[in-house]
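Listed below are the residues making up each chain.
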Amino acid sequence: MIDLQAHLNSIAGFNNLELLAGQVVEGFISGMHKSPFHGFSAEFAEHKVYNTGESTKHIDWKLYARSDKLYTKRYEEETNLRCHLILDNSSSMHYPALKQTDLNKPNKIAFSVLASAAIMQLMKKQRDAVGLSIYAEQFEYYAPEKGSERHHHMLLDQLNQVLIKSEKSQKTDTYANLHFIAEKLKRRSLVFLFSDLFQNELQQEKTFEALQHLKYNKHEVVLFHTYDSATELNFDFDSTPKRFEDVETGKFIDIFSDNVKEGYSKAVKDYFSAIKLRCAQYNITYVNADIQRGFAPILSTFLVERKQFL
């Protein structure tokens, strides 16, 4: 197994995020990601025999003069897919708190950052166009979908900055920010949202209104529901008294975890089930992005959604 710890940045964040993303996807898409789709763009690929009834727009007339046969120019698409990655950068996404970013034991935001970088790595191979939005309570960053090398590295830098510049007490306004993104996206795209969706019932209702806005604009939406199953779902803490603090508001409570574990686990599981149900109602792809399970569910979902989108 690759010693990924050797690649960690000694200060903060990931050292060479692109390299790590490449290692995550290495072997995963071997022989699986060759696109059969061809369009007409600036880069010439090959000729194919002209079939009666096809458009004559791309017939190679110079070749016809030499061979007395009709061929059309076939081009590789510079952009087969438009994809927009959205990261919730609120304080709850920086749970569990880490002294340094560790790929082997990431918190939610580190998992989301590397998963996003891995998706970008897959898209780069196909020259797909990718955009990025980052938000917490306020909107923090937006870049439209492009496929250039410079753009790719700019997005990687922004993802790394998310890890380096962790701020405390960042609340979430998913509703307003998703509406803002929906207004910014002008062309049909595959939209991936990484969020833990820890919010009250009213906020959840408004969040799904915003997701409907994206669906209304013909975008395909995938929700990567990001959480730590060990503690946030199963409440796996020892029996000693603990202080549990809301990282977004600073409020806290001192309790014995065993006293609330059963009730907490049931409430959270019911909440997760409600989110899945709403996604099904609105035709939103729901994916358990459990940081304990690794990146395979994320990448396999991307490949399936990409194939269906094109």
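Residues numbered from 1 in each chain as written. Predicted model: local features only at pLDDT ≥ 70, side-chain atom pairs only at ≥ 80, totals over all residues. Heavy atoms only, no water.

By the naming in an unreviewed UniProt entry, the protein is DUF58 domain-containing protein, taken from Leeuwenhoekiella palythoae.

A. Representation of the sheet that holds strand S6 (residues 190-195) within the structure. If you trace the six strands from one edge of the open sheet to the other, you get S5-S4-S3-S6-S7-S10, paired in mixed fashion. At either margin of the open sheet sits one strand with a lone partner, and together these are strand S5 (139-146) and strand S10 (285-290). Sheet twist, expressed as the mean angle between neighbouring strand axes with direction ignored, is 15 degrees. Pairing of S6 with strand S7 (residues 220-227) involves six bridges; the strand directions are parallel. Among the inter-strand pairings, Val191 is bridged to a residue of S7, identified as Val221. On the sheet, helix H8 (residues 257-281) packs against S7 and S10 and is oriented at approximately 170 degrees with respect to S7. (Pairing = 2+ DSSP bridges. Helix = DSSP H or I, 4+ residues; strand = E, 2+ residues; numbered from the N terminus. Axes fitted to C-alpha atoms, helices over the stretch in contact; angles between N-to-C directions. Contact = heavy atoms within 4.5 Å.)

B. Fine view of the environment of Leu114. Checked against the element boundaries, Leu114 lands in helix H3 (residues 108-125). The class of Leu114 is buried, set by a relative accessible area of 0%. For the pair Leu114 and Asn160, spaced 46 residues apart in sequence, the C-alpha to C-alpha distance is 9.1 Å. (Buried < 20%, exposed > 50% of the residue type's maximum accessible area, 1.4 Å probe, protein only.)

C. Layout of helix H9 (residues 296-309). Between the first and last C-alpha of H9 there are 20 Å, a value that for 14 residues agrees with the 20 Å anticipated at 1.5 Å per step. Every buried residue belonging to H9 is among Pro297, Ile298, Leu299, Thr301, Phe302, Leu303, Glu305, Arg306 and Phe309, and all of these are buried. Buried residues in H9 make contact with helix H1 (17-25), strand S3 (82-88), H3, S6, S7 and S10. (Expected span 1.5 Å × (residues − 1).)

D. How the structure looks around the pairing of strand S4 (residues 129-135). Within S4, seven of the seven residues are buried, which leaves it mostly tucked inside the rest of the structure. The alternating pattern of S4 places Ala129, Gly131, Ser133 and Tyr135 and Val130, Leu132 and Ile134 on opposite faces, both of which are buried. The sheet contact formed by S3 and S4 spans seven bridges and is parallel. The residue of S4 that forms the bridge with Leu85 is Leu132. Bridge count for S4 against S5 is five bridges, and the pairing is antiparallel. For Ser133, the partnering residue across the bridge sits in S5 and is Tyr142. Between S4 and S5, which pair antiparallel and follow one another directly, the connecting turn spans three residues.

E. View of the environment of Asn160. Along the chain, the position of Asn160 falls in helix H4 (residues 149-164). Residues Asn160 and Leu17, spaced 143 residues apart in sequence, show a C-alpha to C-alpha distance of 7.2 Å.

F. Empty space enclosed by the protein, seen in detail. Applying the stated criterion across every chain, the model contains one cavity of 30 Å³ or more. Of the pockets and cavities examined, the largest cavity occupies roughly 30 Å³. Every residue along the wall of the largest cavity is listed here: Asp88, Thr172, Thr174, Ser195, Asp196, Leu197, Phe198 and Gln199. Class assignment for the residues of the lining of the largest cavity results in two nonpolar, four polar and two charged. (1 Å grid on protein atoms, 1.4 Å probe; cavity = no way out; pocket = protein on both sides within 12 Å on 5 of 7 lines; lining within 4 Å. Points joined across faces, edges and corners; volume = space filled by probe spheres on them. Nonpolar A, V, L, I, M, F, W, Y, C, P; charged D, E, K, R; others polar.)

G. Molecular detail of unusual backbone geometry. A cis geometry characterises the amide bond from Tyr95 onward to Pro96, with omega recorded as -10 degrees. Along the chain, Pro96 falls in the loop between S3 and H3. Non-glycine residue Arg127 carries a positive phi angle of around 55 degrees. Here Arg127 shows up in the loop between H3 and S4. In this structure, Leu197 is a non-glycine residue whose phi angle is positive, near 50 degrees. Residue placement: Leu197 occurs in the loop between S6 and helix H6 (201-216).

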